Amino acid sequence: MATVIKRFGATDGWVSMPDGTDHYIFGFVDISVVPENQIFQYRGKATLLAPLLDVYEGDEVYLTLTNLGFPNRPDLDDTHTIHWHGFPNQIPLWDGVPEASISVPVGRDFTYYYQPLDPGTYIHHCHFEPVEHIQMGMVGPVTVRPKLEKELGLKFAYNDENTAYDREGLIFLTELDPRPHHLVANVQEFDWTEYSPEYWLINGRSYPDTVKPANDQSMPQQPFSALVEAYQGEKVLLRFVNIGFQQHCLQIPGVPLKVVGLDAQQLRGYNGEDISYWRDVIYIAAGQTMDVIFTAPRAGIYPLYNRNLNKNTIAGTEFGGMVTEIRVSPKP
Amino acid sequence: MPVIDLWAKDGYLSTPDGNSIYFWGFSKSETGPAQLPGPHIVARQGETININLYNTLTEPVSISFSGQSGIMADGQPVQPQYTDGKLLSFFNHAEPGGMVSYTFTPSFPGTFIYESGTNPHKQVPMGLYGGMVVRPADYNPDAREFKTAYGAGTDTEYDREYLLITWEIDPDMHQAVEEGKPYQVSKFLPRYWTLNGRCAPDTMLMDGLDYLPHQPYGSMIMGQPGEKILMRYIGAGIENHPLHPHGTHTRVVAVDGRLLRNENVDLSFKRFTVLVGAGQTYDQIYQWDDLGYTTQNPIPTILPNLRNMGVGDAGWTMWSGSPYLGVKGDIPVGVVSYNEFGEYYFMLHSHEELQITNWGEFPGGMMTMVAIYPSLSPAVGILE
Ligand SMILES: [Cu+2]
Ligand SMILES: [Cu+2]
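This structure is a prediction, so every number in the text was calculated from the model and none was measured.

Trainee: Please set out the overall build of chain A residue by residue, giving values where relevant.
Mentor: The number of helices and strands found in chain A is three helices and 22 strands. Taken over the C-alpha trace, chain A has a radius of gyration of 19 Å; the compact-globule value for 332 residues is 20 Å, and the two agree within 12%. Considered along the principal axes of its C-alpha atoms, chain A spans approximately 55 × 50 × 35 Å. Across the 332 residues that make up chain A, the buried fraction comes to 63%. Taking the intrachain contacts of chain A between residues at least 6 apart in sequence as the baseline, contacts between residues at least 24 apart amount to 71%. Carbon and sulfur atoms provide 49% of the accessible area of chain A, an area that totals close to 11900 Å². The average position of the 24 basic charges and that of the 41 acidic charges among the side chains of chain A differ by 7 Å.

Trainee: I'd like to hear about the coordination of the copper ion (ligand 1), residue by residue, with values.
Mentor: Residues and elements named next belong to chain A. Around the copper ion (ligand 1), the protein contributes the donor atoms His80 (ND1), Cys126 (SG), His133 (ND1) and Met138 (SD), at 2.0 to 2.7 Å from the metal centre. Around the copper ion (ligand 1) sit four donor atoms; with metal-centred angles ranging over 84 to 125°, the donor geometry is irregular. Between consecutive donors of the copper ion (ligand 1), the numbers of intervening residues give the motif H-x45-C-x6-H-x4-M.

Trainee: A description of the interface of chain B and chain A should follow, citing residues and the corresponding values.
Mentor: On the chain A side, the residues contacting the 62 residues of chain B number 62 residues. When the two sides are added together, the surface that chain B and chain A hide from each other amounts to roughly 4900 Å², 63% of it contributed by carbon and sulfur. At the junction of chain B and chain A, the tally comes to two salt bridges. One salt bridge connects Glu194 of chain A with Arg191 of chain B, and the closest N-O pair in it is separated by 2.9 Å. Taken together, the connections running from chain B to chain A amount to 24 residue pairs in polar contact (both at pLDDT 80 or more). Where the side of chain B that touches chain A is concerned, the elements lending two or more residues are β18 (241–245), β22 (265–266), β23 (269–271), β26 (316–317) and β28 (344–350) of chain B. Top element by residues in the side of chain B that touches chain A is β28 of chain B. It accounts for five residues. Residues of the side of chain B that touches chain A, tallied by class, amount to 31 nonpolar, 19 polar and 12 charged.

Trainee: Please give an account of the coordination of the copper ion (ligand 2) that cites residues and values.
Mentor: Protein coordination at the copper ion (ligand 2): the donors are His127 of chain A (NE2), His246 of chain B (NE2) and His349 of chain B (NE2), at 1.9 to 2.1 Å from the metal. Of this pair, His127 of chain A sits in the loop between β7 (120–125) and α1 (130–135) while His246 of chain B is found in the loop between β18 and β19 (250–255), placing the two residues in two different chains. Among the residues examined, His127 of chain A registers a relative accessible area of 0% and is labelled buried.

Trainee: Let's hear about the domain arrangement of chain A: which residues, and what values?
Mentor: Residue and element names in this part refer to chain A. Domain annotation for chain A reports domain 1 (3–155) and domain 2 (169–329). On the side of domain 2, 44 residues touch domain 1, which itself brings 43 residues to the contact. Where domain 1 abuts domain 2, roughly 3300 Å² becomes buried across the two surfaces, and 65% of that area is made up of carbon and sulfur atoms. Ranking the residues of domain 1 by area buried against domain 2 places Leu49, Thr121 and Gln135 at the top, with a combined share of 22%. Taken together, domain 1 and domain 2 are joined by zero salt bridges. Here domain 1 is connected to domain 2 by 17 residue pairs in polar contact (both at pLDDT 80 or more). Of all the secondary structure elements, the ones that give two or more residues to the side of domain 1 that touches domain 2 are β1 (3–16), β2 (22–30), β7, α1 and β8 (139–145). Residue composition of the side of domain 1 that touches domain 2, by class: 22 nonpolar, 13 polar and eight charged.

Trainee: Lay out the nonpolar core in plain terms, naming residues and giving numbers.
Mentor: Ranked by internal contacts, the top residues of the largest apolar core, which has 111 residues, are Phe28, Trp84 and Trp94 of chain A together with Tyr233 of chain B. Taken together, domain 1 (3–155) and domain 2 (169–329) of chain A each give at least three residues to this core, which thus spans both. With sequence-adjacent residues up to four places away left out, Trp94 of chain A is seen in contact with Ile82, Phe110, Thr111, Tyr112, Tyr113 and Tyr114 of chain A together with Leu291, Tyr293, Ile299, Pro300 and Thr301 of chain B.

Trainee: Go over the sheet that holds strand β16 (residues 221–223) of chain B, please, and point to the residues and values.
Mentor: Residues and elements named next belong to chain B. The five strands lie next to each other as β16-β29-β28-β18-β24, forming an open sheet whose pairing is mixed. Looking at which strands have only one partner, the edges of the open sheet turn out to be β16 and β24 (274–276). Averaged over neighbouring strand pairs, the angle between their axes works out to 20° when direction is ignored.

Trainee: I'd love a proper account of helix α3 (residues 178–185) of chain A, names of residues and values included.
Mentor: Residue and element names in this part refer to chain A. Within α3 the residues assigned to the buried category are Pro180, His181, Leu183 and Val184. Seen from one end, α3 has its buried residues packed into an arc of 165°, which puts them on one side. Looking at the buried residues of α3, the elements they touch are β2, α1 and β9 (167–176). If you check the start of α3, you find a side-chain oxygen 3.0 Å away from the backbone N of Arg179, and it comes from Asp177. Phi turns positive, to about 55°, at Val187, one or two residues after α3.

Procedures and definitions
Residues numbered from 1 in each chain as written. Chains lettered and ligands numbered in written order. Predicted model: local features only at pLDDT ≥ 70, side-chain atom pairs only at ≥ 80, totals over all residues. Heavy atoms only, no water. Helix = DSSP H or I, 4+ residues; strand = E, 2+ residues; numbered from the N terminus. Rg over C-alpha atoms; globule rule 2.2 N^0.38 Å. Buried < 20%, exposed > 50% of the residue type's maximum accessible area, 1.4 Å probe, protein only. Contact = heavy atoms within 4.5 Å. Areas by Shrake-Rupley, 256 points an atom, 1.4 Å probe, with all protein chains shown as cover. Lys, Arg positive; Asp, Glu negative; His and termini not counted. Charge placed at Lys NZ, Arg CZ, Asp CG, Glu CD. Donors = N, O, S within 2.8 Å, 3.2 Å for Na, K, Ca; no water. Tetrahedral: all angles 85-135°; square planar, octahedral: opposite > 155°, others 65-115°. Buried area = accessible area lost by both parts, 1.4 Å probe. Salt bridge = Lys/Arg side-chain N within 4 Å of Asp/Glu carboxyl O. Polar contact = N/O pair within 3.5 Å; in protein donor to acceptor, adjacent residues only side chain to side chain. Nonpolar A, V, L, I, M, F, W, Y, C, P; charged D, E, K, R; others polar. Domains from an automatic or database assignment. Core = buried A, V, L, I, M, F, W, Y, C linked by side-chain atoms within 4.5 Å. Pairing = 2+ DSSP bridges. Axes fitted to C-alpha atoms, helices over the stretch in contact; angles between N-to-C directions. Arc of directions from axis to C-beta.

Okay, structure coming up:
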């Protein structure tokens, strides 16, 4: 068990799509190691996705949210929160629902405390006017690693040797409707019942950007790559997250997928029965997470894409969108 | 034999943003208001029930009882109804001004939907639906072992139970039906989303309010720490809705009124989001356990001065102002707190977040709260 101290700044920024368009976002930026007198340099530098919170079962996590304000919308003094989506037995103080506890005004800090006891894949997101703040980009991944990893010095999704893996990838799904982003940037209202996304994102990027490396300089505010690389025969854990507003269905033709966890619960029955299962297509609802393991097949490139084929597009025209690649190399 | 009368009628439902929307619904009696959803039906496994449908609307109406077999209508097995070779109803219907009498014997316990089987693409989105709970044959609310969803020995004991029925409203459709104008169902575009026929924040109000005469059912889920709270979800709309309760996972014990168990293998599972499909039902147990913080065992963080924090930005809050269950703190002046006894509130909502708006305005729609009280009367959370 360790003590994990993190600090996320809430602010705004811009993301770019492969068709050359830029879109205004709200989001978080990791300022955990930034000296206090320099945090304001991070205003306007929100990232999509928000920073990963990566902890071990049993860790004591102190996560401070600092509201840095919106330099692109100085008139807008929205408060923010962090909601750890799926945290069991939470108390309202750290649940991040403004209507049921505290939210954080501009220039203020608030520290959330978590001691996660159940390994798995979770989500963190702002819960202030969630339809707006989630669509605007205040969403990020949370992974809780099992203590079995520390005991055996190997990698596992859950406290079960059957969930061993060699490499992991994040497949974090969101949609982007450019209209509310544009309207919010221009101090106008959007009727959310008209929501109709045009960009389909994995890890905050649209293909072909999804396969660019992490922290690619062309997309400073979209640091997460969605490229998955492995050697033939390795076990790969994919952590699927859907924090869009629609159901999605992902497939990797030629790669059978074993679903071992859902909503941060290993697929074990009440009395330990193995209820994991195989799928070719991963159906995932808004607000769900899934842990899927596959064995890397013979060397080659395996596209991962959305079987709602309309979502493999950029602004409804070009091929792209919710697509990435699994690249398998021959055994070294 | 229990006899239930349902009157198909019209009425006006209200939304929190001040809209009044024409709808069709079932009423308990000739003089009572049309209800959204229809009156809860509580039946018992193995006990034959009789449901009389009286139709005061201008077109035929029938009822589909999902999960039930051997249904009789006026003494004959139910059959689809045709006029001039065209399908009119999936089941025997009541003509305008007429009635039809259904009888059946629920053969297994569970949660079910009853809904119109006539012009269902219109009548169900207009409001002709309701929830039905079938008690197990050995049900006895006075004995813990027998106060179960699926019978003694099925690991489905519960302390309190709640029904949550999802549905959507496209006001254009309701207006077209009211004015007798054509409506193209393929243009269905909901602007409101409901739990038990109400949009948030009305979902959090009590049952049976005078000013919501057509929407008698609240959706506030109430319980105590450690209790087993049975949540019965029903998807009565034509869309799927991912319902996510904060606070903790639910354990899904049954789908479509079928216990998740094969012989001795328990197939129940825990989820933090359950996708309630159109026509589906999910029975789940929500059990929230306290993290153990009290004023004697304080939280490991410092509670900031609440005047420097966002509390009740909407003008109101459900919070007590304290981190501790059963304790009330200092809510900043000018903020109305609906917190009574230091209870904890956890939001429960659709994660297709546009659905927690009323015509695009947050908060609203398919959202309610789970309230965990330090202590709560056993009379709360009973379905009748
Ligand atoms: Cu926010
Ligand atoms: Cu939520």
